[in-house]
Amino acid sequence: MKHLLGTEGLDPATALAILDTADGLKRTLLGREVKKLPTLRGRTVITCFYEDSTRTRVSFEIAGKWMSADVVNVSAGSSSAKKGESLRDTALTLAAAGADCVVVRHPASGAAHRLASWLAHTNTSVVNAGDGTHEHPTQALLDMATLRERLGSVEGRRIAVVGDVLHSRVARSNVHLLTSFGADVVLVAPPTLLPTGVADWPVGSAGSLRVSHHLDAELPTADAVMMLRVQAERMHGGFFPSAREYSIAYGLSEARAAMLPDHAVVLHPGPMLRGMEISAAVADSPRAAITQQVANGVHVRMAVLYHLLAGEEDAA
Amino acid sequence: MSTFIVKGARPYGEDAVDIEVTDGVITAIGQGLTGDETVDAAGLVALPGFVDLHTHLREPGREDTETIETGSRAAALGGYTAVFAMANTDPVADNAVVVEHVWRRGQEIGLVDVHPVGAVTVGLKGEKLAELGTMARSTARVRLFSDDGLCVADPLIMRRALEYTKALDAVIAQHAEEPRLTVGAQAHEGDLAARLGLAGWPSVAEEAIVARDCLLAKHVGARLHVCHVSTEGTADVLRWAKARGTRVSAEVTPHHLLLDDERLNTYDPVNKVNPPLRTTTDAAALRQALADGTVDCVATDHAPHAAQDKDCEWSAARPGMLGLQTALSIVVATMVEPGLLDWRGVARVMSERPAEIAGLTDQGRPIAVGEPATFTLVDPAARWTVRGAELASIAANTPYEGMELPGAVVATFLRGKLTARDGKATA
Ligand SMILES: [Zn+2]
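**Student:** Help me understand the overall build of chain A, please; the structure alone is not making it clear to me.
**Tutor:** Of regular secondary structure, chain A possesses twelve helices and nine strands. Viewed in the frame of its principal axes, chain A has a C-alpha envelope of about 55 × 45 × 35 Å. Out of the 316 residues in chain A, the part that is buried amounts to 56%. Summarising the internal contacts of chain A: among those between residues at least 6 apart in sequence, 81% fall at separations of at least 24. Of the roughly 12,600 Å² that chain A leaves accessible, carbon and sulfur atoms contribute 52%. The averaged location of the 32 negative side-chain charges in chain A is 4 Å from the averaged location of its 30 positive side-chain charges.

Written out as structure tokens, the structure is:
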């Protein structure tokens, strides 16, 4: 594997290897006072964020540092994503400066793919840390790691992905990854927040994909509920009448959470809109795996960097 | 008196004849004509010079991507003898000064008749009619008005524009795109764009405007031309409108005949156009609509862009692709080779109909005695490989890079003057 650009087309064996590595790293580091492995000593990881995301950037930064890589943060800011400073020039500069890996977050869908094509003749790897409304593969991997811990396996499990699927890179990455591991995914949203033709998306042969507009109908059979962020600007974009109505129809209230089977787990990629997307009580309840997701995020990103940079050829 | 003989050309693909040209006019057609000067055209198909209703020449304003001179060269090499230069220049061609400049530069260069398109509204803002009459009465004699790139979305402004141009014997060419349905749009609204996370440009945003404009044109009895039709639904609307006597014409680009949205897969913005590449079903429907006359003609939407405006992330890239030098070959590949059009049909959609739509009386004329010697020689058997860097345009943004295409323009004559020959413009 040279790059991690998305989970679409990511072969399940590679994904499994990353997850197993993450698991191993987690166990290795458990209880250690000094969380430092020498694995990526001498390697340089540059995080290049054209869009603010402290949560994701810090997670990659810690992942790199715990593996002894040199981590450099380039805060590209949203202004340089506009005209004037081209992503291409930035990419070539970072590669020339000796980056072994560029972790990129960008508001344009496909930006990581373009970056990879510009760097095709270099040894620099690209990790997509979120491109527009396209993919966020490490988020899906950390969600999978969390689900594996909570449910054992996702095969045959029913996962409800709830909210703004249309604009969600988290949802896209999760649909591909979860179905390739045999999960039955149901996307729950008003029709205005679902992508065109989503019901016909090609999915991993092992799982299935379905669409629903009725959260209450899905909860009693859900093994996991993955809540999505609703960005403030969507509330004024006419995608739904009001935050209140959204919350009534698609918010995970305590009453709704009570409809879930006892074993069911609740995930949220954060940051949460407490009260609207999810009630505070549900977010803080034991069935919520939100802090566990954050912790797994570091281990999964360590595993991704390991697979990209530690010189191992992909078995598959 | 200058006379020459074009030997052995096949007008409209029919039997080989010799064509005698004297002082820019066809003076004889027959077998075994002789003269001092001859042009060997054995095996070549002769067609009336192509007329492009939709070209972006970028001058004034973006001379780093194309000038009237380089665009004229590209046009001549592509077999064109007249092009309509779109108004979205900088400054906008919304006044007599700009359109007269464009007209005059075209004349000075002399490779192709450059007809400026006037903007419909001031600054392409869609709010206030530009001085359409002044542009029509200027030396540029503007007959085609368009805010192309932007839709005249306000139905009242569109109605006024259609009504007003009736007195000018002009036509409004509409870029049909309901802007409220395409906010942030980056690609055809469909499965693939949704999977790629690119905001959708739904077909209905085009179809709704075309339907509205057809109703308006019929209501006021004016002429409407629909730019770069891209969807099957638009073809259906046009069929319906024409059947009820609407004075509407329409064009389709070569790329909408050939390419489809599967090309988005790589996120390479060379494939980004507006309207976007649609589905294979749309492309097939457009080929059919062009063959049966529902869509009147082919127009290139030749849109040169600087490398940095294309070699970037998809959403930052400007829409558009080069078209003048590849149009004939794409028409051959999509229409002639599959048997949808014969060479007479090609002459109709690339020359005669566009000339009629724009009111040109000396272009799109038959290859016949007494007519202007404005024609193009095409080698139907040729195949060539597209190299963007070798095209005459300053920009190189062609989606056909490295592709082998059928049919090649060998020579172009404008009123008896050789403007292109064997891949070289002769200015
Ligand atoms: Zn246009």
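**Student:** Mind showing me how you'd approach the side chain of Ser138(B) here?
**Tutor:** Residue and element names in this part refer to chain B. Residue placement: Ser138 occurs in the loop between helix H3 (132–137) and strand E9 (144–145). In this structure the side chain of Ser138 is engaged in a polar contact, spanning 2.8 Å, whose partner is the backbone oxygen of Met135. If near-sequence neighbours (up to four positions away) are discounted, Ser138 is found in contact with Ala96, Val99 and Glu100.

**Student:** I keep staring at unusual backbone geometry and nothing clicks. Help me out?
**Tutor:** Negative phi is the rule for most residues except glycine; trans is the rule for most peptide bonds. Cis geometry marks the peptide bond from Gly270(A) to Pro271(A); its omega dihedral reads -10°. Summarising the element assignment, Pro271(A) is placed in the loop between strand E9 (265–267) and helix H11 (280–283). Going from Asn274(B) to Pro275(B), the amide bond is cis rather than trans, its omega being 0°. By the secondary structure assignment, Pro275(B) is in the loop between helix H8 (254–258) and helix H9 (280–291). With a phi angle near 55°, Tyr12(B) is a residue other than glycine that sits in the positive phi range. If you trace the backbone, Tyr12(B) turns up in the loop between strand E1 (3–11) and strand E2 (17–22). A residue is classified by how much of its surface remains accessible, and Tyr12(B), at 8% relative accessible area, is buried. In this structure, His228(B) is a non-glycine residue whose phi angle is positive, near 20°. Mapping His228(B) onto the fold places it in the loop between strand E13 (224–226) and helix H7 (232–243). Residue class for His228(B) comes out buried when judged on its relative accessible area of 2%.

**Student:** How do you make sense of the pairing of strand E4 (residues 125–131) of chain A when you look at a structure like this?
**Tutor:** Looking down a regular strand, the side chains alternate between one sheet face and the other. Residues and elements named next belong to chain A. Burial of E4 is extensive: seven of the seven residues sit out of reach of the surface. Where strand E3 (residues 101–106) and E4 come together, five bridges link them in parallel fashion. Bridge pairing in E4 links Val103 to Val127.

**Student:** So what exactly am I meant to see when it comes to the coordination of the zinc ion here?
**Tutor:** Note on metal geometry: ideal angles are 109.5 degrees for four donors arranged tetrahedrally and 90 or 180 degrees for six donors arranged octahedrally. Residues and elements named next belong to chain B. Looking at the zinc ion, one finds its protein donor set to be Asp148 (OD), His175 (ND1) and His228 (NE2), positioned 1.8 to 2.2 Å from the metal centre. All donors of the zinc ion come from a single chain, and their spacing in sequence reads D-x26-H-x52-H. You can see Asp148 sitting in the loop between E9 and helix H4 (155–166) and its partner His228 sitting in the loop between E13 and H7, a full 80 residues away along the chain. Taking relative accessible area as the criterion, Asp148 reaches 4% and is therefore assigned buried.

**Student:** How do you make sense of the pattern of salt bridges when you look at a structure like this?
**Tutor:** Think of it this way: side chains of opposite charge can pair up when their charged atoms draw near. Residue and element names in this part refer to chain B. With the rule as written, the count across this model stands at 35 salt bridges over all chains. Between Asp309 and Arg62 there is a salt bridge; the shortest N-O distance is 3.2 Å. Separated by 247 residues along the polypeptide, Asp309 in the loop between strand E15 (297–298) and helix H10 (327–336) and Arg62 in the loop between strand E6 (50–55) and helix H1 (68–77) bring together distant segments of the chain. Given the relative accessible area of 11%, Asp309 is considered buried. Across the salt bridge formed by Arg353 and Glu356, the nearest N and O atoms sit 2.6 Å from each other.

Here is what the cut-offs are and how they apply
Residues numbered from 1 in each chain as written. Chains lettered and ligands numbered in written order. Predicted model: local features only at pLDDT ≥ 70, side-chain atom pairs only at ≥ 80, totals over all residues. Heavy atoms only, no water. Helix = DSSP H or I, 4+ residues; strand = E, 2+ residues; numbered from the N terminus. Buried < 20%, exposed > 50% of the residue type's maximum accessible area, 1.4 Å probe, protein only. Contact = heavy atoms within 4.5 Å. Areas by Shrake-Rupley, 256 points an atom, 1.4 Å probe, with all protein chains shown as cover. Lys, Arg positive; Asp, Glu negative; His and termini not counted. Charge placed at Lys NZ, Arg CZ, Asp CG, Glu CD. Polar contact = N/O pair within 3.5 Å; in protein donor to acceptor, adjacent residues only side chain to side chain. Pairing = 2+ DSSP bridges. Donors = N, O, S within 2.8 Å, 3.2 Å for Na, K, Ca; no water. Salt bridge = Lys/Arg side-chain N within 4 Å of Asp/Glu carboxyl O.

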